[in-house]
Amino acid sequence: MDTILDFISGGVLQLGWWQVVLVTLVLTHITIAAVTIYLHRSQAHRGLDLHPAVSHFFRFWLWLTTGMVTREWVAIHRKHHAKCEREGDPHSPMIYGIDRVLWKGAELYREEAANEETVKRFSHGTPDDWMERNVYSRHTTLGIFTMLAIDLLLFGALGLTVWAVQMAWIPFWAAGVVNGLGHYIGYRNFSSPDTSTNLFPIGIIIGGEELHNNHHAYGTSAKFSSKWYEFDIGWGYIRILQALRLAQVKKVAPKLKLVREKSDSVTEQTLQGVITHRYEIMARYASMLRQSVQSEIKRLTQAGASDQERELLQKVQSRLGQADLALNPQEKQELDSMLSQNTMLAKLVHMREELYRVWTSSTASSEQLLGDLQQWCQHAQQSGIQSLEQFALRLRRYAA
């Protein structure tokens, strides 16, 4: 009887509570690694190729701990990038609201997984072998109940808690936090055409997925960290697998390249450099805009401007700091109205829009784009706005 009670209370391993907590964290972290390395970076974006043994281990582990089907997850994520923040995005907080995405993100995932058109259109290149067709896709609940049996065997009654944590880990951290908070709060290194943010500069808890804005800027990169102070543990694991010849990195974000000498001409190389690093350039432009607003507030304060004028500029600064997609039509109209009262800031915003058009034209030839960029730099240097002139000089130094 004592043996039975001991088994019920502690399972085969007979671990203390803190040991169970530690093992649970390790198990959930393996699941996070499987999602970010296998599902996200390898399958969805083809940033790296994994050895078949590693790939199948991750598939098997995800079947046990999440019941997720590779082709469904990949299709939903690819659709998110294709229709980010617009109608059709499977889990945008701009569309569904932050509360629903954060707390019910798994429900949105299941709803979109049931959309056969989404899976058919966006799942190309995912595994379609015997195991996928006859086990992983057909018996999704078998895996998670097998995991329940394993947890109960290893940890006894506490195994039920371990299993519950495992089942909730991805729905909360991936479907909720990354898809929700990763488009709602945080900082941005790149002004990508969406609301994506980096949640933390240290990416450990979610395997590097914390660096979500970096990922949206360079979607096919196997490495998510960008700045020197950022850490992507998922990339660390990839480098280990690479050293063991179990992974081959195919793509990483291009390194910023600036020619040493400033040139008065805008060349084809300049154009390619600007297009390649467009999101970094727009982030710098946004920083310049914020500094210009701060300088204008300081100038008005020294000139004895009214509190109303200063508050108006502070509101402009707040609106300019948001991604365009985060502003509703009324807020955009208010921003235009506020800018109409300051010629210099209105000019800076107009020039930002003109620069953005350089790489968004889908019909213009390379010659046309080069001419547009040359014209933009010329207008910037003739603007009479010192910060804009300096920006144009630096822009000429970009290279592919």
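Here, every reference points to the structure presented above.
Report follows, based on the coordinates.

1. Considering the layout of surface pockets
Its volume calculated, the second largest pocket comes out at about 640 Å³. Lining the second largest pocket are 33 residues, with M68, W73, Y109, I170 and P171 positioned closest to its centre. Looking at the lining of the second largest pocket element by element, the count peaks at nine residues for helix 10 (residues 158-180). Residues belonging to the lining of the second largest pocket are distributed by class as follows: 17 nonpolar, 13 polar and three charged.

2. Digging into the side chain of H183
Topologically, H183 is positioned in the loop between helix 10 and strand 2 (202-203). Filtering out sequence-adjacent residues up to four positions away, H183 remains in contact with H80, C84, E85, P93, M94, V178, T195, S196, T197, H212 and H216.

3. Details of the packing of aromatic side chains
Across all of its chains, the model carries 15 aromatic pairs by this definition. Pairing Y356 with W359 gives two aromatic rings, centres 6.2 Å apart and planes at 80 degrees, and the pair type is edge-to-face. Placement of both Y356 and W359 in helix 17 (residues 343-360) is noted, with a separation of three residues, approximately one turn of the helix. For Y356, a relative accessible area of 38% gives the class partly exposed. With relative accessibility at 13%, the residue W359 sits in the buried group. Between W376 and F391, the aromatic rings sit 6.2 Å apart at their centres with planes inclined by 70 degrees, giving edge-to-face as the arrangement. Here the residue W376 occupies a position in helix 18 (residues 366-381), and F391 occupies one in helix 19 (residues 386-395), the gap between them amounting to 15 residues. According to the relative accessible area criterion, W376 is buried, its value standing at 4%. We classify F391 as buried; its relative accessible area is 11%. Each member of the aromatic cluster is reached from another via a ring pair, and the members are Y38, F57, F58 and W61. Taking NZ or CZ as reference, R41 lies 3.8 Å from the ring centre of F224, over its face. For the cation-ring pair, R278 lies above Y279, with the distance from its terminal atom to the ring centre recorded as 4.7 Å.

4. Observations concerning empty space enclosed by the protein
All told, the structure shown has two cavities of 30 Å³ or more when counted by the stated rule. Estimated volume of the largest cavity: approximately 60 Å³. Of all the elements in the fold, those that place two or more residues in the lining of the largest cavity are helix 3 (52-65) and helix 8 (130-136). Here the lining of the largest cavity gets three residues from one element, more than from any other, and that element is helix 3.

Reading the values: rules and limits
- Per chain, the residues get numbers from 1 upward, laid out in the order the sequence is written.
- With pLDDT at 70 or above as the cut-off, local features in this predicted model cover only qualifying residues; side-chain atom pairs require 80 or more to be listed or tallied, and sums for whole chains, interfaces and linings still use all residues.
- Hydrogen atoms and water are omitted, and side-chain values are computed over all heavy atoms in the structure.
- The method works on a 1 Å grid over the protein atoms by themselves. A cavity is a set of points holding a 1.4 Å probe that cannot get out, a pocket is an open set with protein on both sides within 12 Å along at least five of seven lines, and residues with an atom within 4 Å of a point line them.
- Grid points are joined across faces, edges and corners, and a volume is the space filled by probe spheres set on the points.
- Strands here mean DSSP runs of E at least two residues long; helices mean DSSP runs of H or I at least four residues long; both are numbered from the N terminus.
- Here the term charged refers only to Asp, Glu, Lys and Arg, the term nonpolar to Ala, Val, Leu, Ile, Met, Phe, Trp, Tyr, Cys and Pro, and the term polar to all other amino acids, Gly among them.
- Two residues qualify as a contact provided that any one of their heavy atoms is within 4.5 Å of a heavy atom in the partner residue.
- Aromatic rings from Phe, Tyr and Trp, with only the six-membered ring used for Trp, were paired whenever their centres fell within 6.5 Å, and each pair was classed as stacked if the ring planes differed by under 30 degrees, edge-to-face if by over 60, and tilted otherwise.
- Exposure is judged per residue with a 1.4 Å probe applied to protein chains only, and the accessible area is read against the type maximum: over 50% gives exposed, under 20% gives buried, and values in between give partly exposed.
- Two limits define a charge over a ring: the Lys NZ or Arg CZ must be within 6 Å of the ring centre, and within 35 degrees of the ring normal.

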